[in-house]
Amino acid sequence: MAASTRTPLMAGNWKMNLDHLEAISVVQKLAWTLQDAKHDFSAVEAVVVPPFTDLRSVQTLVDGDDLKIAYGAQDVSAHESGAYTGEISAGMLAKLGVSYAVVGHSERREQHHEDDALVAAKAKAALAAGITPIICVGEGLDVRKAGDQVPYTLAQVEGSLAGFDAEQAAKVVIAYEPVWAIGTGEVATPEDAQEVCAAIRARLAELYDSSVAEAVRVLYGGSVKSSNVASIMAQPDVDGALVGGASLKAEEFAAIVRYQDHAGS
Ligand SMILES: O=C(CO)COP(=O)(O)O
């Protein structure tokens, strides 16, 4: 089965929460909790995505204690270097051992007017530095009410992968985050998540080929908690979760990473 070849990925997007001292304590506790549970990090990847200012501290902790937790950035510049005040390049992130970069989160699309072309440029910049982009897509409530979630989301996927060849496309992660389910407690049903994640995979096969569609991990995001993650992960085209609020507490996020412990609950 195709699903068994993709390693599930649980990524905790902290957004603008937890300073670098708090980050150290959360990552330490997360690592201990997972180690105590004898977590197999190669079976389910655990990733934290803290604010930029925490990354150096997280790197020092992960390297010093040889933790198996990976970490990502919440954004990345489309540019390599130069007069871009406030931006952080993919090269700078790579130097800090960053493995993932979230691009095109709905909060950035909404608050900073990022469009698909910019998201594609950021994702390409990340890939060029050896960082895996987590490309976020997903519809708002009005689109969902009109029943247009699939075409809307697929248009975002296509736009955010503009100019990618098959080799580049095979390396990305796509996160389907319906905006109406973010931070609202309003979780999409497992069937809702599956519908759009499967459509994304089918479109990847059309745009590229079946090997790209089988390689790309498609995550679901939006009010994921330890109590609902197992039913979402039971869907064949959902390969992990992009978790916001529930990733700020080490024990809760560890329980999400360990979703197989409470499958069926
Ligand atoms: O936006 C999200 C992750 O990127 C989801 O946030 P919540 O899990 O808090 O709904």
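Residues numbered from 1 in each chain as written. Predicted model: local features only at pLDDT ≥ 70, side-chain atom pairs only at ≥ 80, totals over all residues. Heavy atoms only, no water.

**Structural notes on the environment of Ala199**
And step 1. Topologically, Ala199 is positioned in helix α9 (residues 190-207).
And step 2. Separated by 46 residues in sequence, Ala199 and Thr153 place their C-alpha atoms 9.0 Å apart.
And step 3. If we skip the residues at most four places from it in the chain, Ala199 touches Val150 and Leu154. (Helix = DSSP H or I, 4+ residues; strand = E, 2+ residues; numbered from the N terminus. Contact = heavy atoms within 4.5 Å.)

**Regarding the packing of helix α1 (residues 20-36) against helix α2 (residues 55-64)**
And step 1. Remark: α1 packs on α2, axes separated minimally by 9 Å, with the N-to-C direction vectors making an angle of 30°. The hand of the α1/α2 crossing is right-handed. Contacts from His20, Ala23, Ile24, Val27 and Gln28 of α1 reach α2 at Ser57, Val58 and Leu61.
And step 2. Per-class residue counts for the contact of α1 with α2 are five nonpolar, three polar and no charged. (Axes fitted to C-alpha atoms, helices over the stretch in contact; angles between N-to-C directions. Left-handed = near helix turned anticlockwise from the far one by under 90°. Nonpolar A, V, L, I, M, F, W, Y, C, P; charged D, E, K, R; others polar.)

**Focus: the side chain of Glu139**
And step 1. Looking at where Glu139 falls in the secondary structure, it is placed in the loop between β5 (132-137) and α6 (141-145).
And step 2. A polar side-chain atom of Glu139 sits 2.9 Å from a polar atom in the side chain of Arg144.
And step 3. If we ignore the near neighbours within four places in the chain, the residues touching Glu139 are Arg144, Gln149, Tyr152, Thr153, Tyr176, Glu177, Pro178, Val179 and Trp180. (Polar contact = N/O pair within 3.5 Å; in protein donor to acceptor, adjacent residues only side chain to side chain.)

**Thoughts on the packing of helix α5 (residues 116-128) against helix α7 (residues 149-160)**
And step 1. The N-to-C vectors of α5 and α7 enclose an angle of 50°; their axes lie 7 Å apart at closest approach. Viewed along their axes, α5 and α7 adopt a mutual orientation that is oblique. Contacts from Asp116, Ala117, Val119 and Ala120 of α5 reach α7 at Ala155, Gln156, Gly159 and Ser160.
And step 2. For the contact of α5 with α7, a count of residues per class yields four nonpolar, three polar and one charged. (Parallel < 35°, antiparallel > 145°, perpendicular 65-115°, else oblique.)

**Points about unusual backbone geometry**
And step 1. Of note, the phi angle at Leu18 is positive, near 75°, even though the residue is not glycine.
And step 2. In this structure, Leu18 sits in the loop between β1 (9-13) and α1.
And step 3. Despite not being glycine, His113 has its phi angle at roughly 55°, a positive value.
And step 4. Relative to the helices and strands, His113 is located in the loop between α4 (106-111) and α5.
And step 5. Judged by relative accessible area, which is 67%, His113 ranks as exposed. (Buried < 20%, exposed > 50% of the residue type's maximum accessible area, 1.4 Å probe, protein only.)

**Re the nonpolar core**
And step 1. If you look at the biggest cluster of nonpolar residues, it comprises 71 residues, and the most contacted ones within it are Met10, Val48, Leu161, Phe164, Ile174, Ile200 and Tyr220.
And step 2. If we skip the residues at most four places from it in the chain, Ile200 touches Val137, Thr153, Leu154, Val157, Ile174, Tyr176 and Val218.
And step 3. Counting 13 residues, the second-largest nonpolar core is a separate cluster that includes Ala11, Val49, Cys136 and Leu242. (Core = buried A, V, L, I, M, F, W, Y, C linked by side-chain atoms within 4.5 Å.)

**Re the pattern of salt bridges**
Pairing between side chains of opposite charge can happen when their charged atoms approach one another.
And step 1. This structure, assessed with the given rule, holds 17 salt bridges.
And step 2. Two residues, Arg217 and Glu45, come together in a salt bridge whose shortest N-O distance is 2.8 Å. Placement of the pair is Arg217 in strand β7 (residues 217-221) and Glu45 in strand β2 (residues 45-49), with a sequence separation of 172 residues.
And step 3. Of the charged contacts in the structure, one is a salt bridge between Asp116 and Arg109, with a shortest N-O distance of 2.6 Å.
And step 4. Since its relative accessible area comes to 22%, Asp116 is described here as partly exposed.
And step 5. Here Arg109 falls in the buried class, since its relative accessible area comes to 14%.
And step 6. One continuous salt-bridge network, built from bridges that share partners, spans Arg6, Arg201, Asp237 and Asp239. (Salt bridge = Lys/Arg side-chain N within 4 Å of Asp/Glu carboxyl O.)

**Re the site of the ligand**
And step 1. Around the ligand, the structure places 13 residues, and the nearest of them are Lys15, His105, Gly183, Ser223 and Gly245.
And step 2. At 2.9 Å, a side-chain N or O of Glu177 approaches an oxygen atom of the ligand.
And step 3. Between the ligand and Gly245 there is a distance of 2.8 Å, counted from an oxygen atom to a backbone nitrogen or oxygen.
And step 4. A total of 310 Å² of accessible area belongs to the ligand in isolation, and the protein chains cover 94% of it.
And step 5. Residues of the shell around the ligand, tallied by class, amount to four nonpolar, seven polar and two charged. (Near = heavy atom within 4 Å. Areas by Shrake-Rupley, 256 points an atom, 1.4 Å probe, with all protein chains shown as cover.)

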